[in-house]
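Below, each chain spelled out in residue letters.
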Amino acid sequence: MSDQAAIGLIGLGTMGANLALNIAEAGHRIAVHNRSPDKTRAFHEQAGALRDRIVPTETLEDLVDALASPRTILMMVPAGAPVADQIDALVPLLAEGDILIDGGNSDWTDSRDRATALGDRGIGFLGLGVSGGAEGARHGPSLMAGGHEAAWAAAETVLTSIAARFGDVPCAAYFGDGGAGHYVKTVHNGIEYADMQMIAEIYGLMRDGQGRTAADISAVFDRWNGAALESYLVEIAAEVAAVIDPATGRPILDVIADRAGQKGTGRWTVMDAQRRAAPLPAVEAAVTARVLSGEAALRAEGEHLFPESDALPPLTDAELEGALIAGKILAYSQGFTLLSVARGEEGWIMPLDTVARTWRAGCIIRSAMLDDMATALEEGTCARPLAFAPTFAERLRAHVPALRRVVAAAVAAGLPVPALSAALQHFDQLRQSRGTANMIQALRDRFGAHGFERTDRPGEGGQHGPWVATDGSA
Ligand SMILES: NC(=O)c1ccc[n+]([C@@H]2O[C@H](COP(=O)([O-])OP(=O)(O)OC[C@H]3O[C@@H](n4cnc5c(N)ncnc54)[C@H](OP(=O)(O)O)[C@@H]3O)[C@@H](O)[C@H]2O)c1
């Protein structure tokens with residue numbers, strides 16, 4: 001048997017180190033490299049029983065030499081310039097047929113361009129979305145691949161062997177050429193923003209509107225995790241709410257500053273959605289909320305200027321749970337609609353049921369509901385919103401009344417629930433056969449002669465109103 005490694009990995013940070021151990025544990029020989037050799041040595045020394053399957057290398061040349069041909073190298077370095085520099089440094093050392101995989105959170109358009117540029121040089125490329133954080137990387141992430149199909153065929157065995165499994169099905173799939181994999185990962189992260197924001201909003205109503213303790217709130221999330229909301233994020237919401245800060249003896253949630261970080265994938269999702277005219281207001285609201293979370297001084301000034309607020313009208317835990325269920329369905333529905341539009345525009349394979357299947361385990365938004373979403377999307381609803389699929393329409397009929405009561409109560413009390421209300425507003429627009437854009441068209445025609453279509457002459461655009469200008473002229 002050859003001593004050559006099946007795969008190489010660059011970047012032994014949080015994700016790279018855990019993925020390397022996962023790959024070795026799955027039985028593959030792996031060569032690893034970090035720009036600081038000390039880190040590579042330390043990683044190898046601490047690899048325990050997996051040491052023998054790990055080849056530490058100090059230079060990129062050593063890394064390339066350690067790999068079986070065609071060589072496959074997984075890069076786990078920060079997106080942007082580090083990936084570009086890494087590719088530039090590697091290309092002269094590679095031969096035709098070798099494969100580069102970018103497993104960072106790269107912008108999908110960068111991956112699209114890299115696939116083209118590397119393809120022109122005969123080098124295979126995969127833009128690989130990896131989700132699951134450190135734990136997922138170590139024990140089974142969700143993997144979303146895009147790029148050259150031949151590169152996927154070559155790397156599939158290794159990648160599938162380390163992926164999370166839902167039952168017997170690995171959560172790893174190829175979604176199409178160019179940046180398809182990173183696109184799916186970006187939308188995943190956008191949905192993750194909405195999911196977390198909605199959890200935070202419900203937490204806020206319990207904390208600020210109902211005056212409940214973190215321990216009580218933890219127990220509520222824990223109960224919900226045992227039913228329709230069963231998911232990783234609700235599970236860890238219950239967990240973090242129960243933790244006590246050793247330094248102060250207070251719930252850790254009460255000592256964490258209310259400023260949320262972000263690395264850009266939520267914003268990318270929103271920008272791309274607007275560009276494609278497939279907006280996802282729940283994600284937009286979540287991204288905006290993160291931005292405003294950073295404006296602590298402004299919010300403090302606002303509270304000082306406008307301190308008035310009313311008591312939160314009574315809400316049951318069942319209503320709060322129902323609101324979260326409905327909000328979640330609507331946010332995911334918006335996300336899948338965006339994927340459906342992008343798939344059509346980019347010519348990606350990207351079966352939406354496979355996307356949902358790939359998210360069922362390993363990734364941050366994993367949940368029991370995604371399995372039902374996969375089934376609903378398989379039934380061919382992808383041309384219409386997921387919310388209209390029979391099983392989800394039924395759930396919305398059951399839970400939207402709770403969402404409506406929760407949003408109304410929050411608005412009455414002046415407690416912000418931007419993502420929940422954005423999801424509800426979008427839903428209400430979707431179920432209004434005669435909306436109010438006729439007023440917009442009338443205004444546009446009145447001030448700019450933009451023309452409109454009449455309801456009694458469908459298909460005939462460019463109609464104008466019998467407007468009388470304010471100076472009396474017609
Ligand atoms: N953390 C997560 O939960 C998560 C989840 C999914 C995806 N990701 C993505 O995965 C990628 C890696 O994330 P991470 O959390 O593992 O980051 P990390 O812990 O900061 O590790 C980054 C690694 O990249 C190396 N590196 C940094 N700049 C470099 C450069 N210019 N050239 C070569 N190597 C460089 C670092 O080397 P040194 O040790 O020498 O600094 C380190 O090994 C990112 O794109 C991230 O967005 C992260």
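Residues numbered from 1 in each chain as written. Predicted model: local features only at pLDDT ≥ 70, side-chain atom pairs only at ≥ 80, totals over all residues. Heavy atoms only, no water.

**Let's talk about the overall build of the chain**
Of the regular secondary structure elements, the chain holds 20 helices and ten strands. Rg of the C-alpha trace for the chain: 25 Å, near the compact-globule value of 23 Å for 474 residues, within the 12% margin. Contacts in the chain between residues at least 24 apart in sequence constitute 67% of all its contacts with a sequence separation of at least 6. Only carbon and sulfur atoms are counted for the fraction: they give 53% of the accessible area of the chain, which is about 21,700 Å². (Helix = DSSP H or I, 4+ residues; strand = E, 2+ residues; numbered from the N terminus. Rg over C-alpha atoms; globule rule 2.2 N^0.38 Å. Contact = heavy atoms within 4.5 Å. Areas by Shrake-Rupley, 256 points an atom, 1.4 Å probe, with all protein chains shown as cover.)

**Considerations on the nonpolar core**
Counting residues in each nonpolar core, the largest one holds 86 residues, and the members touching the most others are Phe221, Trp224, Phe336, Leu339 and Trp359. Ignoring any residue separated from it by four or fewer positions in sequence, one finds Phe336 in contact with Leu352, Val355, Ala356, Trp359, Leu370, Met373, Leu377 and Leu386. By size, the runner-up hydrophobic cluster in this structure holds 34 residues, among which are Leu21, Phe43, Leu143 and Ala172. (Core = buried A, V, L, I, M, F, W, Y, C linked by side-chain atoms within 4.5 Å. Buried < 20%, exposed > 50% of the residue type's maximum accessible area, 1.4 Å probe, protein only.)

**Some thoughts on the pattern of salt bridges**
One pass over the structure, following the stated rule, counts 24 salt bridges. Here Arg41 and Glu58 are joined by a salt bridge, their closest N and O atoms 2.8 Å apart. On the criterion of sequence distance, the pair formed by Arg41 in helix α2 (residues 37–45) and Glu58 in the loop between β3 (54–57) and α3 (60–65) is long-range, its members being 17 residues apart. Under the relative-accessibility criterion, Glu58 is labelled partly exposed at 39%. Note that Asp208 and Arg207 form a salt bridge whose closest N and O atoms lie 2.8 Å from each other. (Salt bridge = Lys/Arg side-chain N within 4 Å of Asp/Glu carboxyl O.)

**Things to note about the sheet that holds strand β1 (residues 7–10)**
What the eight strands build is an open sheet, ordered β3-β2-β1-β4-β5-β6-β7-β10; its pairing is mixed. Across the chains shown, the open sheet's two edge strands, defined by having one partner strand only, are β3 and β10 (172–174). Pairwise comparison of adjacent strand axes, ignoring direction, gives a mean angle of 20° for this sheet. Across four bridges, the pairing between strand β4 (residues 72–75) and strand β5 (residues 99–102) is parallel. Each residue of the ladder has a partner; that of Met75, found in β5, is Asp102. Contacting β5, β6 (124–131) and β7 (142–147), helix α8 (residues 180–209) runs over the sheet at an angle of about 15° to β6. (Pairing = 2+ DSSP bridges. Axes fitted to C-alpha atoms, helices over the stretch in contact; angles between N-to-C directions.)

**A few points about the layout of surface pockets**
There is about 250 Å³ of room inside the second largest pocket. If you go around the second largest pocket, the residues you meet are Arg434, Ala437, Asn438, Gln441, Ala442, Phe452, Glu453, Arg454, Thr455, Asp456 and Trp467. For the lining of the second largest pocket, a count of residues per class yields four nonpolar, three polar and four charged. (1 Å grid on protein atoms, 1.4 Å probe; cavity = no way out; pocket = protein on both sides within 12 Å on 5 of 7 lines; lining within 4 Å. Points joined across faces, edges and corners; volume = space filled by probe spheres on them. Nonpolar A, V, L, I, M, F, W, Y, C, P; charged D, E, K, R; others polar.)

**As for the pairing of β7**
Burial runs high along β7: six of the six residues are buried. Taken together, the three bridges between β7 and β10 define a ladder with parallel strand orientation. The partner of Leu143 across the bridge, within β10, is Ala172.

**Describing the side chain of Lys328**
The topology assignment puts Lys328 in helix α15 (residues 317–346). Owing to a relative accessible area of 5%, Lys328 belongs among the buried residues under this scheme. In this structure, Lys328 is in contact with Asp195, Met198, Leu229, Ser231, Ser367 and Met369, ignoring residues within four places of it in sequence.

**A short note on helix α12 (residues 265–275)**
Burial in α12 covers these residues: Thr265, Gly266, Thr269, Val270, Asp272 and Ala273. Down the axis of α12, the sector holding all buried residues measures 170°, keeping them to one side. Away from its buried face by more than 90 degrees, α12 exposes Met271 and Arg275. Here the buried face of α12 lies against α5 (108–120), α8, α13 (281–293) and α15. Positive phi appears at Ala277, one or two residues downstream of α12, with a value of about 55°. (Arc of directions from axis to C-beta.)

**Let's talk about the packing of aromatic side chains**
All chains considered together, the criterion is met by seven aromatic pairs. A ring pair is formed by Trp108 and Tyr183, whose centres lie 5.3 Å apart and whose planes are at 90°; its orientation type is edge-to-face. Separated by 75 residues along the polypeptide, Trp108 in helix α5 and Tyr183 in helix α8 bring together distant segments of the chain. A single burial state applies to Trp108 and to Tyr183, both of which are buried. Site record: aromatic cluster; members linked through ring pairs are Trp108, Tyr183 and Trp348. A cation over a ring is seen here: Arg112 above Trp108, with NZ or CZ 5.3 Å from the ring centre. Above the ring of Phe392, the side-chain terminus of Arg395 is found at 4.6 Å from the ring centroid. (Phe/Tyr/Trp six-rings, centres within 6.5 Å; stacked < 30°, edge-to-face > 60°. Lys NZ or Arg CZ within 6 Å of the ring centre and 35° of its normal.)

**Re a nonpolar patch on the surface**
A cluster of nonpolar residues, Met439, Leu443 and Phe447, forms a patch on the protein surface that exposes about 360 Å² of accessible area. Among the structural elements, Met439 can be located in helix α20 (residues 437–448). (Patch = residues over 30% accessible without salt bridge, like charges linked within 9 Å, V, L, I, M, F, W, Y side chains within 5 Å.)

**Details of unusual backbone geometry**
Look at the link from Ser69 to Pro70: it is a cis peptide, with omega at -10°. Looking at where Pro70 falls in the secondary structure, it is placed in the loop between α3 and β4. Here the phi dihedral of Met350 falls at roughly 35°; this positive angle occurs in a residue that is not glycine. Locating Met350 in the fold gives a position in the loop between α15 and α16 (352–358). Positive phi, normally seen in glycine, also occurs at Ala449, with a value near 50°. Here Ala449 shows up in the segment after α20. Among the residues examined, Ala449 registers a relative accessible area of 52% and is labelled exposed.

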